[in-house]
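Listed below are the residues making up each chain.
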Amino acid sequence: MTTSEEVRADARTDRRQLERITSEALVSRRDYLRILVTISGGLTVGAAAVAVGVFPRRTGAAAPVLVADSLAEGAWVQFTYPTEHDGAIAMRLPGGRLVAYSSICTHLSCAVIPRPTDGVLDCPCHDGRFDATDGSVLAGPPPRPLPVIELEERTDGIYAVGATPG
Ligand code: FES
């Protein structure tokens, strides 16, 4: 048999448990929001730094680098320029024009795939596409053209002699 005093005691116990659970949840929610605000703030500051160009792109002249002895029409070759860490692609377009670009997509840095006979370079990561005649963006999310590598055709081969930002 349950007395009214026992019922009231149970109700008080239930209320205390509910208050304890609720107050713990509030602290946990506050911590969660604090973490969320900190991460969001960090991402915002990072995105703003990239947007205003705090992190400079490496460009400029470096010592000439031999790219290939020769390149047939529709052929392409990979090389590194201006440093050994900077991937690049040289290709001979239909009609004979020689072009070269950084092989690093300007979206999220995937390696682009040259298709000189189609006049494009494709980025498989997010379907980015660049124009092979000037490196400009034709489709997809890349925000900037591919940086251009200047080439020089000499009697003993094709040389990379300079780089300009895309
Ligand atoms: S990394 Fe090239 S399109 Fe996203």
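For the structure, check the block above.
Residues numbered from 1 in each chain as written. Predicted model: local features only at pLDDT ≥ 70, side-chain atom pairs only at ≥ 80, totals over all residues.

Q: Mind showing me how you'd approach the overall build of the chain here?
A: Scanning the chain from terminus to terminus reveals one helix and ten strands. Mapped in sequence order, the helices and strands of the chain form the string α-β-β-β-β-β-β-β-β-β-β. With 166 residues in all, the chain has 22% of them scored as buried. For the chain, long-range pairs separated by at least 24 residues make up 35% of all intrachain contacts whose partners lie at least 6 apart in sequence. (Helix = DSSP H or I, 4+ residues; strand = E, 2+ residues; numbered from the N terminus. Buried ≥ 20, exposed ≤ 12 C-beta atoms within 10 Å, placed from the backbone. Contact = placed C-beta atoms within 7 Å.)

Q: Honestly, the nonpolar core in this entry has me stumped. Any pointers?
A: Within the largest apolar cluster, 24 residues are counted, with the highest numbers of intra-cluster contacts made by Ala88, Ala90, Ala100, Tyr101 and Ile149. When residues of this core are assigned to their parent elements, the largest contribution, four residues, is made by strand E3 (residues 87-92). With near-sequence residues (within four places) excluded, Ile149 lies in contact with Tyr81, Ala88, Ala100, Tyr101, Ser102, Ala160 and Ala163. (Core = buried A, V, L, I, M, F, W, Y, C linked by C-beta atoms within 7 Å.)

Q: What is the right way to look at the sheet that holds strand E8 (residues 137-139) in this model?
A: For sheets, the rule is that strands pair by backbone hydrogen bonds, running either parallel or antiparallel. One open sheet holds the four strands; their spatial order is E5-E6-E7-E8, and the pairing between them is antiparallel. Each end of this open sheet is capped by a strand with a single partner; those strands are strand E5 (113-115) and E8. With strand direction ignored, the average angle separating the axes of adjacent strands in the sheet is 30°. (Pairing = 2+ DSSP bridges. Axes fitted to C-alpha atoms, helices over the stretch in contact; angles between N-to-C directions.)

Q: Where do I start with the environment of Ala72 in this structure?
A: Its location among the elements puts Ala72 in the loop between strand E1 (65-68) and strand E2 (76-80). With 8 C-beta atoms packed within 10 Å, Ala72 lands in the exposed category. For the pair Ala72 and Arg92, spaced 20 residues apart in sequence, the C-alpha separation works out to 6.4 Å.

Q: Would you take a moment to explain the pairing of strand E4 (residues 98-102) for this structure?
A: When a strand is regular, its side chains alternate between the sheet's two faces. Counted residue by residue, E4 has four buried out of five residues, so it is predominantly covered. As paired elements, E3 and E4 share five bridges and run antiparallel to each other. Residue pairing for E4: Ile89 is matched across the bridge by Tyr101. Hairpin geometry of E3 and E4 is characterised by an intervening segment of five residues between the two adjacent antiparallel strands and by a positive phi of about 105° at Gly95.

Q: Looking at this model, I keep getting lost on unusual backbone geometry. Mind explaining?
A: Note: most peptide bonds trans; most residues except glycine with negative phi. A cis geometry characterises the amide bond from Tyr81 onward to Pro82, with omega recorded as 0°. Position of Pro82 among the secondary structure elements: in the loop between E2 and E3. Positioned with a positive phi, Ser109 is a non-glycine residue whose angle comes to about 70°. Turning to its location among the elements, Ser109 is positioned in the loop between E4 and E5. Its 11 C-beta neighbours within 10 Å are what place Ser109 among the exposed residues. The backbone of Asp127 sits at a positive phi, close to 60°, despite the residue not being glycine. Secondary-structure assignment places Asp127 in the loop between strand E6 (120-123) and strand E7 (128-131).

Q: Explain the environment of Glu150 here, please?
A: Residue position: Glu150 is located in strand E9 (residues 148-154). As for Glu150 and Ala90, which are separated by 60 residues in sequence, their C-alpha atoms are 9.6 Å apart. In contact with Glu150, other than residues within four places in its own chain, are Val161, Gly162, Ala163 and Thr164.

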